[in-house]
There are 2 protein chains.
Amino acid sequence: MSLDSTLHQKSVDLAKLTYQITGSAGSGHPSTGASLVHLISALLYTHMRHEPANPGHPSADRLVLSEGHAVPVVYAAMADLGIHYRDANNDLKPVTRDLAMTLRQLDSPIDGHPNPALGMPFFDAATGSLGQGLSVAAGLAVAAKLDGLDKRIFCIMGDGESREGQIWEAVDFIRDHDLKAVCPIFNANAFGQTSEVSPQQSADTLVKKLEAAGYEVLDIDGHQPSAIVEALSTHAQKQHDPEAAPVAIVARTVKGWGSASQQGNGHHGTAPTGEALDAVLEELSATERQIGAAADTPLKIPMLPADKPEAATHHAVKSFDDALKAFGMESVLEKGKLATRKAYGIALRAAGHAHSNVVALDAEVSNSTGADAFKKDDALASRFVECKIAEQNMLSAALGMSAAGKVPFVSTFGKFMVRAYDQIEMAILSGKPIKLVGSHAGATLGADGPSQMALCDVAFARSFATMRTQTGHPGMVVLTPSDAYQCYALVQQMAEYEGFAYLRTLRPDTEFLYGPEDEFVLGGHELLIEGRDLLILASGYMVHEANRALEQLDEAGIDATLVDMYSLPFDEEAIADLANENNGMVLTLEDNYGNAMGSAVADALSATGDGFTINQMHVKHLPKSGQSPDELLRYCNLSSEHIVQQAMSMLELSAT
Amino acid sequence: MSLDSTLHQKSVDLAKLTYQITGSAGSGHPSTGASLVHLISALLYTHMRHEPANPGHPSADRLVLSEGHAVPVVYAAMADLGIHYRDANNDLKPVTRDLAMTLRQLDSPIDGHPNPALGMPFFDAATGSLGQGLSVAAGLAVAAKLDGLDKRIFCIMGDGESREGQIWEAVDFIRDHDLKAVCPIFNANAFGQTSEVSPQQSADTLVKKLEAAGYEVLDIDGHQPSAIVEALSTHAQKQHDPEAAPVAIVARTVKGWGSASQQGNGHHGTAPTGEALDAVLEELSATERQIGAAADTPLKIPMLPADKPEAATHHAVKSFDDALKAFGMESVLEKGKLATRKAYGIALRAAGHAHSNVVALDAEVSNSTGADAFKKDDALASRFVECKIAEQNMLSAALGMSAAGKVPFVSTFGKFMVRAYDQIEMAILSGKPIKLVGSHAGATLGADGPSQMALCDVAFARSFATMRTQTGHPGMVVLTPSDAYQCYALVQQMAEYEGFAYLRTLRPDTEFLYGPEDEFVLGGHELLIEGRDLLILASGYMVHEANRALEQLDEAGIDATLVDMYSLPFDEEAIADLANENNGMVLTLEDNYGNAMGSAVADALSATGDGFTINQMHVKHLPKSGQSPDELLRYCNLSSEHIVQQAMSMLELSAT
């Protein structure tokens, strides 16, 4: 059993280094790492096909460490294997033992949790908010399947972590899409942060749950090298067998393996230092002798698979009018109006034809969001991923696809996108762009009522528009098209944009305001009417409501300027100039809760010191069902009449 | 089988009325309703103990309709039984057939989805964002158990809906806490919105998954009255058997039951009208004859259980100092500093002793959030609910507890609270207050890195601070205490407040700024230093950093005012006055992404037209790990030196 003794040796070495690294940092989760030493040894030294000097190699097998707090044990292996990181100059360099000892320091790439955006291309996703890794792995597998790559994706999850429902969404998703390249590994070490894991997450129950979900489960001793290697080999064999069920591994492990002082409850997030650390290292040496650890067999990382992904192809995208013709939908133009959610579908379909790396994901509402147009196009259908009613898994899977070079457009009702806000934030932290599309946004949704209306979405998304990612992009660009032409153009921009964007589409039809010759850019705005008394800044549906108000304002002698604020961030200087040209009087209009576009305007203008007066109209109380957008806008004090009233009151005219 | 024939008759009648109601609205989901007619008939007419004239009776059995879009069939039963709603004057009145026909109209309480805040006390929670109902039911059951009430809670979920991971979090939670009063009913009608449900959500797989999770599963024909009644009776018997496993029902049903034209795919969200409606009604009449429907047995709603909940008791709450003494923690005072997360624990413990209805929930991190102090107090431990690592279930369970009269404090890392933003929004829509506590907030978290830092939390929560619920409260009050005394006082305010609040606590210790005599209120702020050159508005940790900057500013000849902005919303007039007293120069400081406190200030001041200059300092790029709050603040350009620099640049002084 020389492979066994060698892997035991490697495991002890990694455990020691893990404690040394976390001891140096004074924090971290070494006891979790210790429960993983044999799994990490078997994976990184004997089984995973990867190139230490090229950790982002597109053909390499991948490891998603869903229980991100366990990362010091992976850093230990990286230091031992010389797996490369990216330094501040973006150069690839091997992680050394010395570098690993800088864990959690401000100027170190050895961050507290895995993060590709912080210098670690070995990882595809930032993890640390639990329960998301298996979905990321599934997304990586979808991309590999589309690219025809024989790539395996290993995902290590904690048992306590597997209480997160998202893991079971991913378990279903993997089965639905037959993603047998994913190898889910549950690290059943029986202890969480504050206490033992629930019997619902015991190894026994995890096995039963996975079997119920249709998996072949390999229930192994996670500190028995040959059992691990055999399980990984079984996965390798079964993954190409069309008749086989997906394989999952439940590895029974010991938290704090190898050192009794670190076992049991109460050792979750603590890193022994000083004498306590010395004692742990001695315990590990005793364990080393006891289990007959001996580096008597060479360990060899297997060769990379031969397949390489083909480069994405890009063709010129058709204009909206031409796309409609190509799709046999010219009649849309005659109507003179179209819901932006439907324009999204047409735009997505055109983008799919133009860019081979565009993929579309939807959560069982593609006939509502518009994504059906993509799904039902035979040439694109293979790139449509039905995620069923599980938004969290959908978003993390999109992150995995983005990490694998795809451009994922992810659609559902804007309201249901809220379900996945943590997953969206983790994707932003990872620096793996996703294009978000929330439909049926705002109060104009109407009949279905507030449980279906996206109302806080702009506030959330705009929060990220106030920060920059590692690539210098805004964390999010928020796009709120008011008409179909604009929506179409913005979707094409999103497809080519290298950052995150959130497109907010509407349920009701809106009249065409623009034509095929109009251009729109991320960060832009559209000056629709130029006046001098009052600057009205409106987004989405409210552009139309503002248009209706203009006539009445004109009658009342108010010469208003109207701008379609379709993007956040926007050109702050240009808006400030327009505000100054309108005596500093600004009225903002949006059909969501506040802390959104109006606040973005207030932020920008109040920083200039030029003395503007900004009134914000938005949804200020809980909406309800109603039969038309107009009814709802009246109920929310956002109708054209309310706009006129507010404008006149701002300008101190009587509203008679 | 006269009960069978009678329930068949009732089911046909409800199906017809459901189609009529949705036909009148021109929208809704009658085919889903039709799949539920037998379950609803058996429940509401023969099994559930409820009083139609008192739908919010605290002793009554409850129905949580998790698949909220099916609500028209419940409205049909309500109209038939005269179950009461609350009108605009808050008076209870029976739902009539005529009223039911106003479904989805603006002035009608018959809203598109169930919502207690929109006039329907029969429901405990707004549903319609899927997958949350079973958690709500579990929360209701926890409350009933605490109150010693023999109350059963029925929860109806869709099969497609059961893809949502949260349902499986609730399944585990129910088992962990032995909440056998909950009767989960899966409506397995095999069709979703766009297509058939996945085999992973088939009735067969649902049965297996529930069995794997430790349930006794009753797999029944959901259109066979006697089978339904028997299953419900089995649940009734087993719920008091301490040896029994929890019971769940998987009901195999037919979407569009009774009318062939509404069956199969493509009839999800469509309501037949006109001739199509007539045809459906004829089909239902044919079904009626075919199954021998006959109202030949009286149906009787069972009597309410005799138990009534005891009224909550309230005692005066101790001061922070006295609480520390009572808990044997006086030594805290000597140190002169304490992390607000720890102050939260002490405050929660004191609130628990003062108010018998205060309950605490935490997601396996109570030793980090401070909630341990409550959990480890023997007098309070029974009111501590360990939710394990499943934030979504935790928040919806808290909603259920709130609906049952409890005052739930829910804690986890602020970052992980993001996981449950949709559940929080649904609680706000429901009008059932929850006290949210997000710990380790902001960039000062330090070593663990950005995957553990709450950075967008203030933006999200503030979005709701810009709207009002049906009770006139802000959707959310955001509280960002800077010291332990303030935190303690605000927690006591939260315990007595009837709305939603989000308390944001810090990982590192902060020095005491206040004392036991200082008072703090929701909506308040604290003027710490009065100057005349520059108004510095800071929140949380940044109050301390601003304090450090003041000395240097003073040396530079800048006489700054410092305000601790611990609450959003705040007194806008008072802040505007202070800004005016400081030449209109305002600098805001916070350790999260933007669109937060600074934007709230910009919103308020820019509306006055007084011409302020507002510079906002906040986290503007992705943070990383670092070893101390100071390091992180420097990295994020938020150190006292950066504050001084920004202040001097605002006032156009050279920073030499």
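Residues numbered from 1 in each chain as written. Chains lettered and ligands numbered in written order. Predicted model: local features only at pLDDT ≥ 70, side-chain atom pairs only at ≥ 80, totals over all residues. Heavy atoms only, no water.

On to the nonpolar core, then. Residues A:Leu361, A:Met476, A:Ile536, B:Leu361, B:Met476 and B:Ile536 are the most contacted members of the largest nonpolar core, which totals 244 residues. Not counting residues within four places of it along the chain, the set of residues in contact with A:Leu361 comprises A:Val385, A:Cys387, A:Met394, A:Ala397, A:Ala398, A:Met401, A:Pro408, A:Phe409, A:Val410 and A:Ser411. (Core = buried A, V, L, I, M, F, W, Y, C linked by side-chain atoms within 4.5 Å. Buried < 20%, exposed > 50% of the residue type's maximum accessible area, 1.4 Å probe, protein only. Contact = heavy atoms within 4.5 Å.)

Before going further, it helps to examine the interface of chain B and chain A. By a widespread convention, an interface's size corresponds to the accessible area lost as its parts come together. At the interface, 116 residues of chain B touch 115 residues of chain A. Where chain B abuts chain A, roughly 8,900 Å² becomes buried across the two surfaces, and 47% of that area is made up of carbon and sulfur atoms. Three residues stand out in chain B for area buried against chain A, namely B:Leu106, B:Arg163 and B:Arg419, and they jointly supply 10% of the buried area on that side. For the pair chain B and chain A, the number of links is 16 salt bridges. Residue B:Asp172 is joined to A:Lys209 by a salt bridge in which the shortest nitrogen-to-oxygen separation is 2.8 Å. At seven residues, helix H6 (residues 165-176) of chain B tops the list of elements feeding residues into the side of chain B that touches chain A. Classifying every residue of the side of chain B that touches chain A by side-chain character gives 40 nonpolar, 48 polar and 28 charged. (Buried area = accessible area lost by both parts, 1.4 Å probe. Salt bridge = Lys/Arg side-chain N within 4 Å of Asp/Glu carboxyl O. Helix = DSSP H or I, 4+ residues; strand = E, 2+ residues; numbered from the N terminus. Nonpolar A, V, L, I, M, F, W, Y, C, P; charged D, E, K, R; others polar.)

All right, on to the pattern of salt bridges then. For the structure on display, the rule yields 56 salt bridges over all chains. Taking the shortest distance from any N to any O, the salt bridge between B:Arg163 and A:Asp176 comes out at 2.7 Å. Remark: A:Asp176 occurs in helix H7 (residues 165-176) and B:Arg163 occurs in the loop between strand E4 (153-158) and H6; the pair is interchain, linking two chains.

With that out of the way, let us pick up the sheet that holds strand E1 (residues 62-65) of chain A. All names here are of chain A. If you walk across this open sheet you meet the five strands as E1-E4-E5-E7-E6, and the pairing is parallel. The strands lining the two open edges of the sheet, one partner per strand, are E1 and strand E6 (216-221). Neighbouring strand axes in the sheet, compared pairwise and without regard to direction, differ in orientation by 20° on average. Relative to strand E7 (residues 247-252), E6 runs parallel, the two being bridged by six bridges. Bridged to Ile220 within E7 is Ala251. Against the sheet, helix H6 (residues 133-146) contacts E1, strand E4 (153-158) and strand E5 (182-188), and its axis sits at roughly 170° relative to E4. Along the sheet, helix H9 (residues 225-238) makes contact with E4, E5, E6 and E7, crossing E6 at roughly 165°. (Pairing = 2+ DSSP bridges. Axes fitted to C-alpha atoms, helices over the stretch in contact; angles between N-to-C directions.)

Let us look at the domain arrangement of chain A. Residues and elements named next belong to chain A. Here chain A is described as being made up of domain 1 (3-290), domain 2 (320-441 + 480-511) and domain 3 (526-655). For domain 2 and domain 3, the distance between their C-alpha centroids amounts to 28 Å. Each partner contributes residues to the interface: domain 2 has 12 residues there, and domain 3 has 11 residues. With both chains or domains summed, domain 2 and domain 3 bury close to 860 Å², and 52% of this area falls on carbon and sulfur atoms. The largest per-residue losses of area from domain 2 upon contact with domain 3 belong to Thr480, Ser482 and Arg504, which jointly make up 46% of the total buried on that side. At the junction of domain 2 with domain 3, the criterion picks out seven residue pairs in polar contact (both at pLDDT 80 or more). For the side of domain 2 that touches domain 3, the secondary-structure elements that each account for two or more residues are helix H20 (484-496) and strand E15 (510-511). Considering only residue class, the side of domain 2 that touches domain 3 consists of five nonpolar, four polar and three charged. (Domains from an automatic or database assignment. Polar contact = N/O pair within 3.5 Å; in protein donor to acceptor, adjacent residues only side chain to side chain.)

Per the UniProt record, "domain: Transketolase-like pyrimidine-binding" (unreviewed entry) is annotated on residues 338-512 of chain A. Along residues 338-512 of chain A, the helical share is 41% and the strand share 17%, with 7 Å between the first and last C-alpha atoms. (UniProt positions renumbered as here; feature names shortened; annotations may be inferred.)

A few words now on the relation of the copies chain B and chain A. For the pair chain B and chain A, the best superposition has an RMSD of 0.0 Å and corresponds to a rotation of 180° with a translation of 0.0 Å parallel to the axis. Such values leave the two copies arranged in the relation of a two-fold axis. Interface overlap between copies: 99% of the residues of chain B at the interface are likewise at the interface in chain A, consistent with a symmetric, same-surface contact. (Least-squares fit on C-alpha atoms with pLDDT ≥ 70 in both.)

Next up on the list: empty space enclosed by the protein. Within this structure, the stated rule accounts for 15 cavities of 30 Å³ or more. Empty space within the largest cavity amounts to approximately 150 Å³. A:Trp168, A:Lys209, A:Ala213, B:Trp168 and B:Lys209 are, among the 14 residues lining the largest cavity, the residues nearest its centre. Mapped by element, the contributors of at least two residues to the lining of the largest cavity are H7 of chain A together with H6 of chain B. Across the lining of the largest cavity, the residue classes tally to six nonpolar, two polar and six charged. Roughly 70 Å³ of volume is contained in the second largest cavity. Around the second largest cavity, the lining residues are A:Leu605, A:Ser606, A:Asp610, A:Gly611, A:Phe612, A:Ile614, B:Leu605, B:Ser606, B:Gly611, B:Phe612 and B:Ile614. For the lining of the second largest cavity, the secondary-structure elements that each account for two or more residues are helix H23 (597-606) of chain A together with helix H22 (597-606) of chain B. Here the lining of the second largest cavity is built from residues that sort into six nonpolar, four polar and one charged. (1 Å grid on protein atoms, 1.4 Å probe; cavity = no way out; pocket = protein on both sides within 12 Å on 5 of 7 lines; lining within 4 Å. Points joined across faces, edges and corners; volume = space filled by probe spheres on them.)

Another aspect to go through is helix H21 (residues 572-581) of chain B. Residues and elements named next belong to chain B. By the burial criterion, the buried members of H21 are Ile575, Ala576, Leu578 and Ala579. With its buried residues spanning 160° around the axis, H21 presents them on a single face. Contacts from the buried residues of H21 go to strand E16 (526-529), strand E17 (534-538), strand E18 (560-564), strand E20 (585-589) and H22. A distance of 3.2 Å separates the backbone nitrogen of Glu573 from a side-chain oxygen at the start of H21, and that oxygen is part of Asp571. (Arc of directions from axis to C-beta.)

One pass over the structure, following the stated rule, counts 26 aromatic pairs over all chains. When the centroid spacing of 5.4 Å and the interplanar angle of 65° are considered together, the rings of A:Tyr593 and B:Phe464 count as edge-to-face. Taken as a pair, A:Tyr593 in the loop between strand E20 (585-589) and H23 and B:Phe464 in helix H18 (residues 457-465) lie in two separate chains rather than in one. The class of B:Phe464 is buried, set by a relative accessible area of 0%. Cluster of aromatic residues (ring-pair linked, three or more members): A:Tyr421, A:Phe460, A:Phe464, A:Tyr593, B:Tyr421, B:Phe460, B:Phe464 and B:Tyr593. Between the NZ or CZ atom of A:Arg349 and the centre of the ring of A:Phe327, over which it lies, the distance is 3.7 Å. The ring of B:Trp168 has B:Lys209 lying over it, and the distance from NZ or CZ to the ring centre is 5.6 Å. (Phe/Tyr/Trp six-rings, centres within 6.5 Å; stacked < 30°, edge-to-face > 60°. Lys NZ or Arg CZ within 6 Å of the ring centre and 35° of its normal.)

Turning our attention to the packing of helix H3 (residues 37-47) of chain A against H9(A). All names here are of chain A. The interhelical angle for the contact between H3 and H9, taken along N-to-C directions, is 55°, at an axis separation of 10 Å. Looking at the two axes, H3 sits oblique to H9. Regarding H3 and H9, the two cross each other, and that crossing is right-handed. Of the residues in H9, those in contact with His38, Leu39, Ala42, Leu43, Thr46 and His47 of H3 are Pro225, Ile228, Val229, Leu232 and Ser233. Partitioning the contact of H3 with H9 into residue classes produces seven nonpolar, four polar and no charged. (Parallel < 35°, antiparallel > 145°, perpendicular 65-115°, else oblique. Left-handed = near helix turned anticlockwise from the far one by under 90°.)

What follows is about the sheet that holds strand E9 (residues 358-362) of chain A. Residue and element names in this part refer to chain A. In spatial order, the strands read E10-E9-E11-E12-E14-E13-E19; together these seven strands make up an open sheet with mixed pairing. Strand pairing shows two members of the sheet lacking a second neighbour, strand E10 (384-386) and strand E19 (567-568), which therefore form its edges. Alignment of strand E13 (residues 477-479) against E19, held across two bridges, turns out to be antiparallel. Pairing of Val478 across the sheet is with Leu568, part of E19.

Further remarks concern a negative patch on the surface. Residues and elements named next belong to chain A. Taken together, the side chains of Glu530, Asp571, Glu572, Glu573, Asp577 and Glu581 present a region of like negative charge at the surface. By the secondary structure assignment, Asp577 is in helix H22 (residues 572-581). Of the residues examined, Asp577 reaches a relative accessible area of 41% and is grouped as partly exposed. (Patch = residues over 30% accessible without salt bridge, like charges linked within 9 Å, V, L, I, M, F, W, Y side chains within 5 Å. Areas by Shrake-Rupley, 256 points an atom, 1.4 Å probe, with all protein chains shown as cover. Lys, Arg positive; Asp, Glu negative; His and termini not counted. Charge placed at Lys NZ, Arg CZ, Asp CG, Glu CD.)

In this section: the environment of B:Leu562. Residue and element names in this part refer to chain B. With respect to the element layout, Leu562 can be found in strand E18. Residue Leu562 is classed as buried on the basis of its relative accessible area of 0%. Sequence separation of Leu562 and Ile536 is 26 residues, and the distance between their C-alpha atoms is 4.8 Å. The contact partners of Leu562, leaving out residues within four places of it in the chain, are Glu526, Leu527, Leu528, Ile529, Ile536, Ala538, Val543, Ala546, Asn547 and Leu550.

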